[in-house]
Amino acid sequence: MLIVREMKLADVIHHDYNLVPVINRFDISLGFGDGTIREICEERDVNVEFFLSILNTFHDVQYFPKDYLKSFPVSLIINYLRKAHSYYSDEKIPEIKLLISKLIRLSGKNNKTLNLISNFFNDYCNEFAAHLLREETIVYPYVLSLEKALAEKNDNGLVDMELMKYSITTYEADHEDVEEKLFDMKSLMIKYLPLESSDNLMFEEISYSLLRELFVLEKELSEHSRIEDLILVPKVEGMEKHYKSGR
Amino acid sequence: MGALKNIILVENNFLLRSGIEGLILELPGLLLKEVFDGKEKNLYRKLINKKPDVIIIDPNALGHNFISIISKLQEEAGIMLIGLLGSDCPENISSRFKNHLPLEGNKHLLLQKLREACGKDAVYPTNKKTQADSRLLSAREIDILREVVKGLTNQDIADNLFLSIHTVMTHRKNISRKLSIKTVSGLMVYALMNNIVDINEMG
Ligand SMILES: [Fe+2]
Ligand SMILES: [Fe+2]
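So, a few notes on the structure that sits alongside this text.

Reading guide: rules and limits
Residues numbered from 1 in each chain as written. Chains lettered and ligands numbered in written order. Predicted model: local features only at pLDDT ≥ 70, side-chain atom pairs only at ≥ 80, totals over all residues. Heavy atoms only, no water. Helix = DSSP H or I, 4+ residues; strand = E, 2+ residues; numbered from the N terminus. Buried < 20%, exposed > 50% of the residue type's maximum accessible area, 1.4 Å probe, protein only. Contact = heavy atoms within 4.5 Å. Donors = N, O, S within 2.8 Å, 3.2 Å for Na, K, Ca; no water. Tetrahedral: all angles 85-135°; square planar, octahedral: opposite > 155°, others 65-115°. 1 Å grid on protein atoms, 1.4 Å probe; cavity = no way out; pocket = protein on both sides within 12 Å on 5 of 7 lines; lining within 4 Å. Points joined across faces, edges and corners; volume = space filled by probe spheres on them. Nonpolar A, V, L, I, M, F, W, Y, C, P; charged D, E, K, R; others polar.

Brief notes about the overall build of chain A
Here comes step 1: The number of helices and strands found in chain A is ten helices and zero strands.
Here comes step 2: The helix and strand sequence of chain A, counted from the amino end, reads α-α-α-α-α-α-α-α-α-α.
Here comes step 3: Projected onto its principal axes, the C-alpha coordinates of chain A cover approximately 70 × 45 × 25 Å.
Here comes step 4: A buried classification covers 48% of the 247 residues belonging to chain A.
Here comes step 5: Within chain A, contacts between residues at least 6 apart in sequence are counted, and of these 80% link residues at least 24 apart.

Next up, the structure:
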C-alpha cells in the first residue's frame, strides 16, 4: 500500500500497527482522532512530505522515497533519527535486558546457554551504542553544519574548509549492519535455549516476550538503516554537490 | 539436503510475479533471492553470479533471447530450471525445462510441483537420515568452526587445515546456513554452548 496524504491516519495504523512507534516520533500519540494524514500533520506543524516518506519507507521494503527528497530540510531527518536512537537505547534495549535478567533469575545462575546469550547481547549493546555515538557525534553534526554553511554560502560565497574534509560517502561505505546479531540471537534462542527453571510456565512466557522484542527491534533497525541509506545519504550527497562544486 | 535453496525468478508480468512470490513464501526452505524482468543486459551473467539453486523462468519474459539464454543455462550443472508454462506452450519451448509450473494449476498443485522441482527434501526432509545430515555439522565443518571462532581469517584457516580458501568459504557458508547464525560472535556462542571450544582456549 502506498500511503498518501488524504488517507485517514487511523486506517493506516489499522493496516500496519508497526507504524505506531514511528508516528510517536512525530509527537503523534494514539487517540489522534479521525483526521486524514494531511489534517493531523497541519494541526501539529509536521512536514507532511517528510512524514509520508518515513511512513512509506517503514511500511514497504520496495518503496524508494526519491520523489520527496528535495522538499524538506535535512535537519528534520536528523531530528527524527535522533529520536529513534533514544527510543532504541533508552527504551527497547533496557526492556530486552530486563527480560534477560528475569530469565536468569528464574533459571538460577547455572544456565550456561542463557549466560552465553546474555553476554552476547551485552557485547551487542556496546557495539550498537558505538554505532549510534558515531552517527550522533560525527555524521549528524557534519550534516547540520553543511546545511548551515550552504545557507551562508548563498550569502557570502565563502566555503568552510573544515567541511571539505569529510564526505557522506565515507559514512555510506562503512555504515555497518546492526541487525545481524539480533538475527543470530533469535536463532540461538529458538533452537538452543534449554528450559531449565523452577517455574517453566513463567520461563516460557518471558522467553516469548523476549523473542517478540527481538523480532520487533530487528525490524525497526533495518527500517532505520534504510532511512539513513535511502533518505539521509542521497539528500546529503545532493547538498555536497551543491556546496563543493560551486566554488 | 535440507538447507535453504536459493531461487531466482525471471518474470515481467507483475501479477504473475507476485503470485510466484506468494507461493515461495509458503514453502519454508525456499528463498526468493532476486527477481529479474528478463530484459536486463547480460542477463545470463547476472543469473549465474547469484549462484542460484533454482531458476524459475517465464519464456515470455525473455522474448527472442529465450533460446540463447536457456541453452547456456541448460549446460550449467547444479541449477534446476523450472518453466512457468501455459497449456498452449509449444513443445520446442516446454521441452527445454525439466520441471513445469502450469499457469492454469490451482494453488495446491502449484505448491506440490514447486516442492517436487526443488527436491522434496529441500522443503520437508522426508527420511530421518537426510534430516540429520542437513542439521548437524560434519566433522570437517566443526574443524572449520573451531578456527573461525578463534578469530582467524579465511586465509589462516586455509593454511592451517591445508584447504583452498574457496573450500573454506564454502564450508563457512554451509555452517551459517545450517545453524542460521551469521556472525562470528554468534558462532562463538554456539561453539561454547556445544563444547566445541573451551572458554579457556579463547584469547
Ligand atoms: Fe542511526
Ligand atoms: Fe545507522
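Details of the coordination of the iron ion (ligand 2)
Around a metal, the perfect tetrahedron of four donors has angles of 109.5 degrees, and the perfect octahedron of six donors has angles of 90 or 180 degrees.
Residues and elements named next belong to chain A.
Here comes step 1: The iron ion (ligand 2) binds to the protein through His131 (NE2), Glu135 (OE), His175 (NE2) and Glu228 (OE); the donor distances cover 2.1 to 2.2 Å.
Here comes step 2: Bound by four donor atoms, the iron ion (ligand 2) shows angles of 82 to 178° at the metal and therefore irregular coordination geometry.
Here comes step 3: Spacing between the donor residues of the iron ion (ligand 2) along the chain follows H-x3-E-x39-H-x52-E.
Here comes step 4: The distance between the iron ion (ligand 2) and the iron ion (ligand 1) is 3.2 Å, with Glu135 acting as a donor to both metals. Taken together, the residues span a long stretch of sequence, with Glu135 in helix α6 (residues 112-156) and His175 in the loop between α8 (168-173) and α9 (180-192) at a distance of 40 residues.
Here comes step 5: Overall, His175 belongs to the buried group, its relative accessible area being 12%.

So, unusual backbone geometry
Residues and elements named next belong to chain B.
Here comes step 1: In this structure, Lys51 is a non-glycine residue whose phi angle is positive, near 50°.
Here comes step 2: Tracing the sequence through the fold places Lys51 in the loop between α2 (43-49) and β3 (54-57).
Here comes step 3: Of note in the backbone geometry, Ser180 takes a positive phi value of approximately 50° without being a glycine.
Here comes step 4: We classify Ser180 as partly exposed; its relative accessible area is 23%.

Comments concerning the layout of surface pockets
Once rolled over the atoms, a probe with the size of a water molecule shows which space is left empty.
Here comes step 1: In this model, the second largest pocket occupies a volume close to 1,100 Å³.
Here comes step 2: Lining the second largest pocket are 23 residues; nearest its centre among them are Val61 and Gln62 of chain A together with Leu25, Leu31 and Leu32 of chain B.
Here comes step 3: Within the residue set of the lining of the second largest pocket, elements represented by two or more residues are α9 of chain A together with α1 (14-26) and β2 (30-36) of chain B.
Here comes step 4: The greatest single-element share of the lining of the second largest pocket, amounting to seven residues, is contributed by α1 of chain B.
Here comes step 5: Looking at the lining of the second largest pocket residue by residue, the class counts come to twelve nonpolar, four polar and seven charged.

Everything listed here is a matter of coordinates, which is why it stays silent on function.
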